[in-house]
Number of protein chains: 2
Amino acid sequence: MRDVAVIGVGLSAWGELWDRSLRDLFVEAALNAVEDAGVDSVEAIFVGCMTGGLFAQQEHIGALVADYLGVAPIPATRTESACASAGAAFRTALMAVDSGNHDVVLVGGVEKMTDVDGGGATAALAAASDQEYEAFHGVTFPGLYAMMARAHMAKYGTTREQLGLVAVKNHENGSKNPHAQFPMKVTLEQVLGSVMVADPLRILDCSPITDGASAAVVCPLEMAEKIAKKAPVRVTGSGQATDSIALHQRKDLTFLESTAAAAARAYDMAGCGPGDLDVVEVHDCFTISEIMVMEALGLVEKGQGGPAVEAGETALGGRIPVNTSGGLKSKGHPVGATGVAQIHEIVTQLRGEAGDRQVAGARRGLAQNMGGTGASATVHILEVA
Amino acid sequence: MRDVAVIGVGLSAWGELWDRSLRDLFVEAALNAVEDAGVDSVEAIFVGCMTGGLFAQQEHIGALVADYLGVAPIPATRTESACASAGAAFRTALMAVDSGNHDVVLVGGVEKMTDVDGGGATAALAAASDQEYEAFHGVTFPGLYAMMARAHMAKYGTTREQLGLVAVKNHENGSKNPHAQFPMKVTLEQVLGSVMVADPLRILDCSPITDGASAAVVCPLEMAEKIAKKAPVRVTGSGQATDSIALHQRKDLTFLESTAAAAARAYDMAGCGPGDLDVVEVHDCFTISEIMVMEALGLVEKGQGGPAVEAGETALGGRIPVNTSGGLKSKGHPVGATGVAQIHEIVTQLRGEAGDRQVAGARRGLAQNMGGTGASATVHILEVA
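Residues numbered from 1 in each chain as written. Chains lettered and ligands numbered in written order. Predicted model: local features only at pLDDT ≥ 70, side-chain atom pairs only at ≥ 80, totals over all residues.

A. Region of the structure containing the packing of helix α1 (residues 22–37) of chain B against helix α3 (residues 61–69) of chain B. Residue and element names in this part refer to chain B. Look at α1 against α3: their axes get within 9 Å of each other, and the N-to-C directions meet at 60°. Considering the angle they form, α1 stands oblique to α3. The interaxial crossing formed by α1 with α3 has right-handed handedness. Across from Arg23, Phe26, Val27 and Ala30 in α1, the residues of α3 making contact are Leu64, Val65, Tyr68 and Leu69. Across the contact of α1 with α3, the residue classes tally to seven nonpolar, no polar and one charged. (Axes fitted to C-alpha atoms, helices over the stretch in contact; angles between N-to-C directions. Helix = DSSP H or I, 4+ residues; strand = E, 2+ residues; numbered from the N terminus. Parallel < 35°, antiparallel > 145°, perpendicular 65-115°, else oblique. Left-handed = near helix turned anticlockwise from the far one by under 90°. Contact = placed C-beta atoms within 7 Å. Nonpolar A, V, L, I, M, F, W, Y, C, P; charged D, E, K, R; others polar.)

B. Just the nonpolar core, in detail. Residues Val218 of chain A together with Val218 of chain B are the most contacted members of the largest nonpolar core, which totals 280 residues. Both domain 1 (4–118 + 209–233) and domain 2 (139–208 + 236–384) of chain B contribute no fewer than three residues apiece to this core. Those residues within four positions of Val218 of chain A in sequence are excluded, and the remaining contacts are Val4, Ala5, Val6, Ala93, Leu94, Val97, Val105 and Val107 of chain A. (Core = buried A, V, L, I, M, F, W, Y, C linked by C-beta atoms within 7 Å. Buried ≥ 20, exposed ≤ 12 C-beta atoms within 10 Å, placed from the backbone. Domains from an automatic or database assignment.)

C. Geometry of the relation of the copies chain B and chain A. Taken as rigid bodies, chain B and chain A are interconverted by a rotation of 180° and an axial shift of 0.0 Å, the fit giving an RMSD of 0.0 Å. Here the symmetry operator amounts to a two-fold rotation axis. No C-alpha of chain B lies nearer the rotation axis than that of Ser99 of chain B, which sits 1.9 Å from it. A share of 100% of the interface residues of chain B reappears at the interface of chain A, consistent with the copies meeting face to face through the same patch. (Least-squares fit on C-alpha atoms with pLDDT ≥ 70 in both.)

D. Here's a closer look at the packing of helix α7 (residues 160–174) of chain B against helix α11 (residues 287–296) of chain B. Residue and element names in this part refer to chain B. Across the interface, α7 lies against α11 with an axial gap of 8 Å and an inter-helix angle of 95°. Classified by the interaxial angle, the pair formed by α7 and α11 is roughly perpendicular. Contacts between α7 and α11 involve Leu163, Gly164, Val166 and Ala167 on the former and, on the latter, Thr287, Ile288, Glu290 and Ile291. For the contact of α7 with α11, a count of residues per class yields five nonpolar, two polar and one charged.

E. View of unusual backbone geometry. All names here are of chain A. Of note, the amide linkage connecting Ala72 to Pro73 takes the cis form, showing an omega dihedral of 15°. If you trace the backbone, Pro73 turns up in the loop between α3 (61–69) and β3 (76–80). Omega for the bond connecting Asp199 with Pro200 falls within 30 degrees of zero, at 10°, which places this linkage in the cis form. Checked against the element boundaries, Pro200 lands in the loop between β5 (196–198) and β6 (201–202).

F. Here's a closer look at the interface of chain B and chain A. On the chain A side, the residues contacting the 54 residues of chain B number 54 residues. In terms of residue count, the dominant contributor to the side of chain B that touches chain A is α3 of chain B (six residues).

G. View of the pairing of strand β2 (residues 44–48) of chain A. Residue and element names in this part refer to chain A. Among the five residues that make up β2, five are buried, leaving the element largely enclosed by the rest of the structure. In β2, alternate side chains face the same way, and those of Ala44, Phe46 and Gly48 on one face and Ile45 and Val47 on the other are all buried. One ladder, built from five bridges, connects β2 with strand β4 (residues 105–111); its direction is parallel. Following the sheet pairing, Ile45 is matched in β4 by Leu106. (Pairing = 2+ DSSP bridges.)

H. Here's a closer look at the pairing of strand β11 (residues 376–384) of chain B. Residue and element names in this part refer to chain B. Within β11, eight of the nine residues are buried, which leaves the element mostly enclosed by the surrounding structure. Two elements, strand β8 (residues 233–242) and β11, share nine bridges in a ladder whose sense is antiparallel. Across the sheet, the residue bridging to Gly239 is Val379, located in β11. Here strand β10 (residues 364–371) folds back onto β11 in antiparallel fashion, the turn holding four residues, of which Gly372 has a positive phi close to 60°.

I. The environment of Gly273 of chain A, seen in detail. Residue and element names in this part refer to chain A. Counting through the fold element by element, Gly273 comes out in the loop between α10 (257–270) and β9 (279–281). On a C-alpha basis, the gap between Gly273 and Leu299 in space is 9.0 Å, while along the polypeptide they are 26 residues apart. Filtering out sequence-adjacent residues up to four positions away, Gly273 remains in contact with Tyr267 and Gly298.

J. Representation of helix α6 (residues 141–156) of chain A. Residues and elements named next belong to chain A. Taking 1.5 Å as the rise per residue, α6 with 16 residues should run 22 Å; its terminal C-alpha atoms sit 22 Å apart, in good agreement. Inspection of α6 places Phe141, Pro142, Leu144, Tyr145, Ala146, Met148, Ala149 and His152 among the buried residues, and these make up the whole buried set. Of the surrounding secondary structure, the elements contacted by the buried residues of α6 are α5 (120–126), α7 (160–174), β5, β6 and α11 (287–296). Trailing α6 by a residue or two, Gly157 shows a phi angle of about 80°, which is positive. (Expected span 1.5 Å × (residues − 1).)

Below, the structure is given as structure tokens:
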């Protein structure tokens, strides 16, 4: 196995973008990443996309983006693990480099989510749940996470206010991120007074629907120092795991086993633990998920996610800043692109390029990406090389 | 890089299977592959699926199959490259083993295609073409391949009869394959008299719609000899490439550049050429594609595919038997599963287990899998270890 480094990162514009199609979005992110890396070619592409079929009637995403980047005939493969599709792409790209099959690899993700009729996005996203036992019967993702939230509140005493404070923190961070889709700050009162989606989750507990793409360039560490424009960031840990796809089959609704398993592997590989991290991006598709992920990553004890948020431990300047980018909540959540957008934030932090949201002296960061209600998870640890 | 071997292969039932869902199909194939390998656990899964979203409103295919196999929390990732999705999964699995990230990996593909309304399958498959420039305007896959067929006939004099003889040969082979969906023999007269789909392609020029799954178990060659029940088959070459997704952007409608590029890499890696192969499986989604793939693989000169079929060179007992399984045409074509089903046939041949369709003394085989009108292709070379 070879050591692998990230040498470039890039994003497309994110938002409700009527002038950009799926292919446009990925090309924009990819060109930004290639420019950031300072390379003039790549050897292979791995691109995450959750459901190009249901959102855009377009599959064959790998060939599509290779074509529109003008880089055919290089190999290009789409990976899919629901909202962890780009996390899975990143892990696959590491293997492609690790294995010696390729040196300079472009990896990223894309989702064009807004070009569907009302209800279409909710139905498309439901394809990440168990269609036969959940979605078919009308359960939606806000509904599933609402059940997890209620269980967490019942078991640990997590409060409605603590959930709301996740949104307050993430919008505060997002207000410092020029890339955020919803950069406005919100107050706890606004969260608690926002429209109900699935009790107890309100609209300001939910991440938005986003058109967007993300990209990164990875290569062997030893090559990075020669070809990259900026200091490389080393990937020291990678883990991926699964859990039951249907929520009703979990042993415990309040604990994300797949995130814990993926993290265990990544920590082991990197030779570090949750106490050794300077900055963390987690998959806060809903406010409750940030709290549950913190617990599964071992950043706090089980049940202590809510109190930690309330105490400001995860705010900028706190013990362990979480979602300095604004997270999915404020930055936006183009589902198939999110995993590599998290890598983008960690790389930005480790380079000291995060501006007003910079974590001083950050040298080691973690990105956790999740699919469905946690049936898939990837965890990556990155360090200053 | 480590040498990788295939130690087990398996298929589900293939056909129009009202009693089996997408998850059932993959589990059936996977258990057959694991049983064939003789192992009692796997460390990771890569599963090809073209459009679980449009065919079954189900994405998150990796977690789904890991869950229903009862193997969570192991990592599971879906790959998608349209009809080359399983070929891409196989190549990704090789990298996972090559890189030392995993030892025993389950790889395969699945598609549940028949559970849609009339026209639904045609529309779902069209997502493999360029949605914005092809499918949206009503072009279908038979239409696209019909254009390629007409161009090939015009440029090289390929005849309507030569196309038909591909179907005759593949059904002859399929009649010897207990796994074929359409094992009946057909005559040239029947092909030429069958209903027109897209001129010049008739229904017996087209591969069918199939529910089905495929699976294989791969591991390091040095481990294979210790853990496998049967003699391992070594993977000596792997290539993947892309081309423009839309047909109208090709320089030459009659040549499959992505297959040629993928083959060049695979031949180079294996240290052999087209003249060194004993048995070949190609992606005959339409009769014209078998002819074009033969030319792109270098089995024959450009334009000589039709005459070679007419001369019986690719029949069982001919110079280079092609699609001994019956090919997509007779065996069936569950799109996301086909790539690993081709690996299944080559492994079966190299083990000497192909019964009435056995190529005597086969020691080296090639499997070519293709997406769209050739925007993606994978080529793998396997040899007796």
